[in-house]
Amino acid sequence: MAAWHFRQGKGVNLRNLTSALSTLNEHKTLAIGVLAGFFIVFSLKHYLKEAIVLALLTSIAVFSTIYKRFMRVPPAVELVTFATVMVGIAYGPVTGALFGAIITVVAEIMNSGIDAFIIGYVPGRAAVGFVSAFFPTANIVTLGLLMSILYNAVAQPLYAFQSDAELRFKLLAFVIVNISFNFVVFSLLGNFVRGIIV
């Protein structure tokens, strides 16, 4: 009697195993994807934090320009400079410069605001990412303020040389609002974000 129960139990387990293997075979692409995902996560786990930080800073920077299409907010209110400074501080001058240049182009494309003046924006943000990397322990508010001034000094001369007085007034308004906004952002979030990423 005991032997019969043992054999029956073994048969039930074999049937369950066969059913599980059949289900696995049906969804082998998903199973391989999950296994590959686990392999990648465990193989590159020391890069996982960097990937998450860069993805979050990219999202913040791009969102800070996209919402302006739907809301009446001045274009000087942006988080691209903030994100670029943080990347420069955390990952060095080359990564900071590349991030600043690439994210500026991406943000302008996503915002449908790309124009000829981007030739000033891209080197301006690249300079911010590059220079900020050399001051990782500086006062973050001062650094943010100086990097905002640097960005505007590199990016805005094309506007400054326009003969249109209204355009020059818009430039002045942009610079004042941009530097002031970045001062506020770095004051409120700078130390907190730097503490997380560095």
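Thresholds, definitions, all that
Along each chain, residue indices are assigned from 1 in the same order as the chain's sequence is written. Under the rules for a predicted model, residues below a pLDDT of 70 receive no local features and side-chain atom pairs below 80 are neither given nor counted, while totals for whole chains, interfaces and linings still include all residues. Processing note: side-chain calculations cover all non-hydrogen atoms of the structure and skip hydrogens and water entirely. Secondary structure elements are defined from DSSP: runs of H or I of at least 4 residues count as helices, runs of E of at least 2 residues count as strands, and each element is numbered from the N terminus. Here a helix's expected span is defined as the number of its residues, less one, multiplied by 1.5 Å. Under the scheme applied here, a residue whose accessible area is under 20% of the maximum for its type counts as buried, over 50% as exposed, and between as partly exposed, the area being computed with a 1.4 Å probe on protein chains only. Residues are called lining when one of their atoms sits within 4 Å of a cavity or pocket point, these points coming from a 1 Å grid over the protein atoms alone, where a cavity is a set in which a 1.4 Å probe fits but cannot get out and a pocket is an open set with protein on both sides within 12 Å along at least five of seven lines. Grid points are joined across faces, edges and corners, and a volume is the space filled by probe spheres set on the points. Here the nonpolar group is Ala, Val, Leu, Ile, Met, Phe, Trp, Tyr, Cys and Pro; Asp, Glu, Lys and Arg are the charged ones; every other residue, Gly included, is treated as polar. Lys and Arg are tallied as positive, Asp and Glu as negative. Neither His nor the chain termini are counted. For salt bridges, the criterion is a side-chain nitrogen of Lys or Arg within 4 Å of an Asp or Glu carboxyl oxygen. Two N or O atoms form a polar contact when they lie within 3.5 Å of each other; inside protein one atom must be a possible hydrogen donor and the other a possible acceptor, and for residues adjacent in sequence the pair counts only when both atoms belong to side chains. Note on definitions: a residue-residue contact is assigned when non-hydrogen atoms from the two residues lie within 4.5 Å.

### Things to note about helix α5 (residues 93-110)
Because an α-helix completes one turn every 3.6 residues, residues spaced three or four positions apart along the sequence face the same direction. End to end, α5 covers 25 Å across 18 residues, agreeing with the expected 26 Å (1.5 Å per residue, within 8%). Taken as a whole, α5 has its buried residues at G96, A97, F99, G100, A101, I103, T104, A107 and E108. Looking one or two residues beyond α5, the residue adopting positive phi is S112, at roughly 55°.

### Let's talk about the layout of surface pockets
Within this model, the second largest pocket holds a volume of roughly 190 Å³. For the second largest pocket, the full set of lining residues is V53, L56, L57, I60, L79, F82, L189, V193, I196 and I197. A class-by-class count of the residues in the lining of the second largest pocket yields ten nonpolar, no polar and no charged.

### Points about the side chain of R194
Within the element layout of this structure, R194 appears in helix α9 (residues 165-197). For the buried R194, which has no salt bridge, the nearest side chain bearing the opposite charge is E50, at an N-O separation of 16 Å. Separated by 2.8 Å, the side chain of R194 and the backbone oxygen of A138 make a polar contact. Residues in contact with R194, not counting those within four places in the same chain, are M86, I89, P136, T137, A138 and I140.

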